[in-house]
Amino acid sequence: MTAAFHVLTTGYADERVAGTVTLLVDGKTVAVVDPGMVADRRLILDPLAHHGLHPEDVTDVVFSHHHPDHTLNAALFAEARFHDHMAIYQNDIWEDRDADGYQLSPSITLMTTPGHTAEGVSTLVTADEGLVVLTHLWWTAEGPADDPFAPDREQLRAAREKVLALGPALIVPGHGAPFAPSGSTPV
């Protein structure tokens, strides 16, 4: 079984900043990853509607980390469970759990990948394209090769190697379009 993945809006980080927001659908699981800063909320909501979905249809929201450019629009999805590196949150329930290996569905799994922040989480998706990894270990396909905000460069390198060792078909970076990793992908 595979999940469908769709980029709702492609992020950028230059004079302005917006996170890449992704939709994952696997059976009854409808997940949005990193619903953060965008120029207009319609850039999230209109593509969601194009896929026949409303905000209340979203069952899960995943945060790759807790920077506002990846979390700011989470409240659009009031019915969802929210996932980060250490817990699941819904309404007034806080359920502690380690994200590493946690399955949202048969085709969607979380993996802890500290690097951009110490609390980084990547989302692994088995899709028709192959393994797709949604992560902020890379900002875009072009870089920066050395993340200027990473608190520990060795931790970032190790997490990038961990992801690349999985042989992903695509990486969906924090602020850019999906790309196929290659020998020139920064580690």
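See the structure printed just above.
What you are looking at is a predicted structure, and each value in this text was computed from that prediction instead of being measured. (Residues numbered from 1 in each chain as written. Predicted model: local features only at pLDDT ≥ 70, side-chain atom pairs only at ≥ 80, totals over all residues. Heavy atoms only, no water.)

In this structure, Pro144 follows Gly143 across a cis peptide bond, with omega equal to 10°. In this structure, Pro144 sits in the loop between β13 (130-134) and α2 (153-165). For Asp34, which is not glycine, the phi torsion reads 60° and is therefore positive. The class of Asp34 is buried, set by a relative accessible area of 5%. A positive phi angle is found at Asn91, which is not glycine, with a value near 55°. By the element assignment, Asn91 lies in the loop between β8 (87-90) and β9 (93-96). Under the relative-accessibility criterion, Asn91 is labelled exposed at 72%. (Helix = DSSP H or I, 4+ residues; strand = E, 2+ residues; numbered from the N terminus. Buried < 20%, exposed > 50% of the residue type's maximum accessible area, 1.4 Å probe, protein only.)

Attention shifts here to the sheet that holds strand β10 (residues 103-105). Read across the sheet, five strands follow the order β10-β11-β12-β13-β14 without closing on themselves; strand pairing throughout is mixed. If you trace the sheet from one side to the other, it starts and ends with β10 and β14 (170-172), each paired once. Recorded for the sheet is a direction-independent mean angle of 25° between the axes of neighbouring strands. Pairing of strand β12 (residues 121-127) with β13, which is carried by five bridges, proceeds in the antiparallel orientation. Its bridge partner being in β13, Thr123 is matched across the sheet by Leu134. (Pairing = 2+ DSSP bridges. Axes fitted to C-alpha atoms, helices over the stretch in contact; angles between N-to-C directions.)

This next bit is on the pairing of β13. Successive side chains on a regular strand alternate, one facing one side of the sheet and the next facing the other. In this antiparallel pair of consecutive strands, β12 and β13, the connection spans two residues. Across three bridges, the pairing between β13 and β14 is parallel. Within the sheet, the bridge partner assigned to Val133 lies in β14 and is Ile171. What joins β13 to β14 is α2, and the crossover it makes is right-handed. (Right-handed = clockwise from strand over helix to strand, strands pointing away.)

The subject of this paragraph is the side chain of Thr123. Here Thr123 lies in strand β12. The class of Thr123 is buried, set by a relative accessible area of 1%. Those residues in contact with Thr123, other than ones at most four positions away along the chain, are Leu24, Val33, Val62, Ile108, Thr109, Leu110, Val132, Val133 and Leu134. (Contact = heavy atoms within 4.5 Å.)

So, on to the packing of aromatic side chains. Aromatic ring pairs are reported here in terms of the distance separating the ring centres and the angle at which the planes meet. Following the criterion strictly, the structure yields four aromatic pairs and no others. When the centroid spacing of 6.4 Å and the interplanar angle of 80° are considered together, the rings of Trp138 and Phe179 count as edge-to-face. Of this pair, Trp138 sits in the loop between β13 and α2 while Phe179 sits in the segment after β14, placing them 41 residues apart in sequence. The exposure class assigned to Phe179 is buried, which follows from its relative accessible area of 9%. An angle of 5° between the planes, with centres 5.8 Å apart, marks the rings of Trp139 and Phe149 as stacked. Taken together, the residues Trp139 in the loop between β13 and α2 and Phe149 in the loop between β13 and α2 connect sequence positions ten residues apart. We classify Phe149 as exposed; its relative accessible area is 56%. Its end group placed over the ring of Tyr102, Arg97 keeps NZ or CZ at 4.8 Å from the ring centre. (Phe/Tyr/Trp six-rings, centres within 6.5 Å; stacked < 30°, edge-to-face > 60°. Lys NZ or Arg CZ within 6 Å of the ring centre and 35° of its normal.)

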